[in-house]
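Residues per chain are reported as follows:
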Amino acid sequence: MTTPAPILVVSGIHRRHSASLPAVVRDLSFTVDEGEMFALLGPSGCGKTSFLRVLAGFDAPDAGTITYRGRVLNAHDGPNIPIEQRGIGFVFQNHALFPHLTVAENVGFGLRGEPDRDANVETLLHSMGLSGLGGRYPHELSGGQQQRVAIARSVAPRPSLILLDEPFSNLDARLRHETRTEIRNILRQFGITAILVTHDQEEALSFADRVAVMKDGRILQIGAPEVMYHTPRTPFVARFLGLTNVVLAEASGTTAQVPFGTVRLSEPASGPTWVSLRPEHLSLEAEAPGVACHGTIVRREFKGHDITFTVRLGTSDILVHTDNRLSQRVGDHVRVVPLEPAVVLQDELPVDCP
Amino acid sequence: MGSAGIRYRLVRGWPIWVPGLIVVAGIAIPLVYLFIRAVDADFTELAGLLVRPRNLVLLGNTLMLAVGVLATSTLVAFPLAWLATRGNMHGRRFITLLGVLPLSIPGYVMAYVLLAATGRFGASALLLGIEIPRLSGYTGALIALSTYTFPYLFLNLRSALTGLDVSLEESARSLGLSGRDVFLRVILPQLKPAYWAGSLLIVLHVLGDFGVVSLMRFETFSYAIYLQYAGAFDRLYAAWLAIMLLLLTGSMLLVEARVLRNTHVAGRGPGSARTRPAKTTGGWGWLAWPFLGVVAGVSVVLPLTTLGFWAMRGLSNATPALLESVAGSLSASLPTALLTVVLAIPIAYASVRMPRSPLRVLERFAYMGYAIPPLALALAVIFASLALFPALYQTLGLLVFVCAIHFLAEALGPIRSAFMQTNPAVEESARVLGRTPLRAFMEAVLPVVRPGIVASLAFVFLSMMKELPLTFLLSPVGFRTLALNVWSHTNEALYAQAAPHALLIVLFSAIFVGLLLRRESRRPLPHPTAPVT
């Protein structure tokens, strides 16, 4: 594979639904490489779907440009390429199949006027595991099958880019996982770039090559899933990607004082600093002579292959994730032991912290 | 689709605003000309017109008739709706049918029936030898209009009663209320919105009625407009009468809006509501049978036997006239149905897909076209067409256009609910797959809403088959329809000649009622793309 070139360049996109309402997308800028799986992750109302609709051409931005395969789709005062001429696929949350057309007709809808349309549809149905269902109508299919038809329909015209708007949220948990993997493989197989919009962090982390976390219309951080998980830059990102302890530390150089003692830091800092410690990066030590125990277990949740403890230290509660062999009980005095360095967070006040 | 509040504008521009403009112009221009015509006189003449005591008499008569019809309809519709939903007797389906069937006998046909059945030369005298005093004037108009209009109230009350959450009544009982108290304090308040909506329909109908009051010779505003226009040729006074009638209608709409604003019915709480009501008629159950007998006798048996009796006498030599009037009715009804639906599709689309857009106002205009008393509308159209396009005056084209505007509201309902069941994302999918806005609409939306469009076509077609007042004033010279023939033959007491025409109208109206019942009984379909689980 040669060095991937950006297929999509988004720069300074701004969007408000009406003049009287606050902007839902603010100054959004990022690039997506050819063949990449990119996820936009954020809570509902963060503007991710609004941005996707601007990208598809359903809505117009108030400022900014989108460049797709070297062509400007949407300049502030320039031309606005109509939806049907953009060549970008879209998969809707509710599938949006044409209820009056059969599965084959749905999949072939974007192949109008192509000579080998029927053969194309047949091949696609086969590779999506939908062989034999071509004559059915959408209401005769299960949710998972409808989902595949929707994907097949948007893949059929071979767009370079497909936008997926929470496509798995209508499926039940087990099916969701299965379909996700399958669809990822198919998109890879056809070499199609994808942008997935979701509020499910697990979905974003497992589907995407890169994840962008959005809040209040802005992107807070972009990066590979592991990087995002292990080194979040703000308290919001840290909390949104999974359970974590955001605590105020007194930093000096590479170490800091936290309520349960001294921890190493991911990078040097000084003075009062917010840091993030994932529960699985902490452990517990039982009361013993010479061990100073400041914490008391106030809650113990046995979940099978692991246990989550809530430890009270003064006024703050710390979550600790351990394997299922620890025998401590509620009320026991314990010491919290950090296993990894604490991640230094940027100065965003964690207003949404309890 | 994170937020459900986002709505999608796909087809926009001329496909929406051209039909919209036509509708707005079709209502606004005639009304403007009505006012222009009305103030086109010197002050003393106007003052003389406006302070006539006759105006007060007309107002009194019109209000008296509206109140009387509303009271009678309530007395019939309420017990009937109760029996149809809560009665513990057999044949509740039959009771529902009885509550709806009278819709298939238009007011002017009922007026014909009353006139043709009573009096010295009426059916009852000729057939049974019993001479019933001739029913006309207030009593005749009251019976004819009540019989025709009570089903509107019945349908509203019945669906309200069916939709009541029975657990509310049960919790009231458990809180210590007696059955009577539950009825007065729990059930009645919940029926209010349905009752007011139904009574508004009835009052609008009485205000707009021309056929019954003219045949019964009871002087309301509509009848006076007709007399001034056709008899006295006093167009200035006719214009003022039309304006007074419009003001009266407008104030009724305001009263209704005010009453409904103060009526709140809370939505259901969580959990599934029980809708299977307890069956009670109380200790007065035996009264149901004579009540049902009288209703069935007046609204079904009397019309059918009278029509049958006179039709036997008139059928032999009626064929050519009958064919001519059927052809006339068809030539007006078919284009009206088509035009109405063509106008209704973009307006319904705009109202469903762009709920926050100013285009929403179009729907209001459509309902205005329905609420304006037909005679006032027709008169306004005559003034406007004489002033602006004299060539259109008394042409079939103008008649069809005005009727399309009038029936637009009727066509909007089914098309609107069909659009509501379509998913905007389906249309957007078609866009993403390479279709222009108009093509996306044609290929992805139109096939799905076709049943709604067909229903609207049928409703408007059948309504137009029995339309009287607009046709009466606007049709070309010498144009005959079934309704016009019933009216003119009845007006000249030629009951035998009128009968076959009236029977055909009843037949067409019965089809209308059948369609209505079918739509009514069908539950809203699940979303067409909802997954099967």
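Residues numbered from 1 in each chain as written. Chains lettered and ligands numbered in written order. Predicted model: local features only at pLDDT ≥ 70, side-chain atom pairs only at ≥ 80, totals over all residues.

Within chain B one finds 22 helices and zero strands. Taken across its 533 residues, chain B has 47% of its residues classed as buried. (Helix = DSSP H or I, 4+ residues; strand = E, 2+ residues; numbered from the N terminus. Buried ≥ 20, exposed ≤ 12 C-beta atoms within 10 Å, placed from the backbone.)

What follows deals with unusual backbone geometry. Glycine aside, a negative phi is what most residues show, and trans is what most peptide bonds show. All names here are of chain B. Phi angles above zero are rare outside glycine, and Arg217 is one such case at about 55 degrees. Considering the arrangement of structural elements, one finds Arg217 in the loop between α10 (211-216) and α11 (221-232). Residue Arg217 is classed as partly exposed on the basis of its C-beta count, with 13 C-beta atoms lying within 10 Å.

Here we take up the interface of chain B and chain A. Facing 23 residues of chain B, the contacting portion of chain A comprises 33 residues. Element by element, the count of residues in the side of chain B that touches chain A is highest for helix α18 (residues 424-432) of chain B, at six residues. Broken down by class, the residue content of the side of chain B that touches chain A amounts to 12 nonpolar, eight polar and three charged. (Contact = placed C-beta atoms within 7 Å. Nonpolar A, V, L, I, M, F, W, Y, C, P; charged D, E, K, R; others polar.)

Residues and elements named next belong to chain A. Judged by pairing direction, the sheet is antiparallel, and its five strands sit side by side in the order β13-β17-β14-β15-β16 without closing on themselves. Only two strands of the sheet have a single neighbouring strand rather than two, namely β13 (282-286) and β16 (316-323). This sheet shows a mean twist of 40 degrees between the axes of neighbouring strands, independent of strand direction. (Pairing = 2+ DSSP bridges. Axes fitted to C-alpha atoms, helices over the stretch in contact; angles between N-to-C directions.)

It is worth spelling out the domain arrangement of chain A at this point. The domain boundaries assigned to chain A delineate domain 1 (6-87 + 159-236) and domain 2 (243-344). The C-alpha centroid of domain 2 of chain A is placed 35 Å from the C-alpha centroid of domain 1 of chain A. (Domains from an automatic or database assignment.)

Turning our eyes to something else, we now look at the domain arrangement of chain B. Residues and elements named next belong to chain B. Domains assigned within chain B are domain 1 (8-45 + 315-480) and domain 2 (52-262 + 287-314). Computed from C-alpha atoms alone, the centre-to-centre distance between domain 1 and domain 2 is 27 Å. Taken together, the contacts link 17 residues of domain 1 with 24 residues of domain 2. Of all elements in the fold, only α1 (14-38) and α16 (374-388) reach the threshold of two or more residues within the side of domain 1 that touches domain 2. Ranked by residue count, the leading element in the side of domain 1 that touches domain 2 is α16, at five residues. Partitioning the side of domain 1 that touches domain 2 into residue classes produces 15 nonpolar, no polar and two charged.

In this section: the sheet that holds strand β2 (residues 25-33) of chain A. All names here are of chain A. A sheet is described by the order of its strands in space; here four strands give the open sequence β2-β1-β4-β5, paired in antiparallel fashion. Each edge of the sheet is formed by a strand with only one pairing partner; in this case those strands are β2 and β5 (71-72). Here strand β1 (residues 6-15) pairs with β2 via six bridges, running antiparallel. Paired with Val9 across the two strands is Thr31, which belongs to β2.

Attention now moves to the packing of α18 of chain B against helix α19 (residues 437-465) of chain B. Residues and elements named next belong to chain B. At a minimum axis distance of 9 Å, the contact between α18 and α19 shows a crossing angle of 135 degrees. What the angle tells us is that α18 and α19 run oblique. Where α18 crosses over α19, the two elements pack in a sense that is right-handed. In this structure, α18 uses Val426, Glu427, Ala430 and Arg431 to contact α19, whose residues at the interface are Ala440, Phe441, Glu443, Ala444 and Val445. A per-class count over the contact of α18 with α19 returns six nonpolar, no polar and three charged. (Parallel < 35°, antiparallel > 145°, perpendicular 65-115°, else oblique. Left-handed = near helix turned anticlockwise from the far one by under 90°.)

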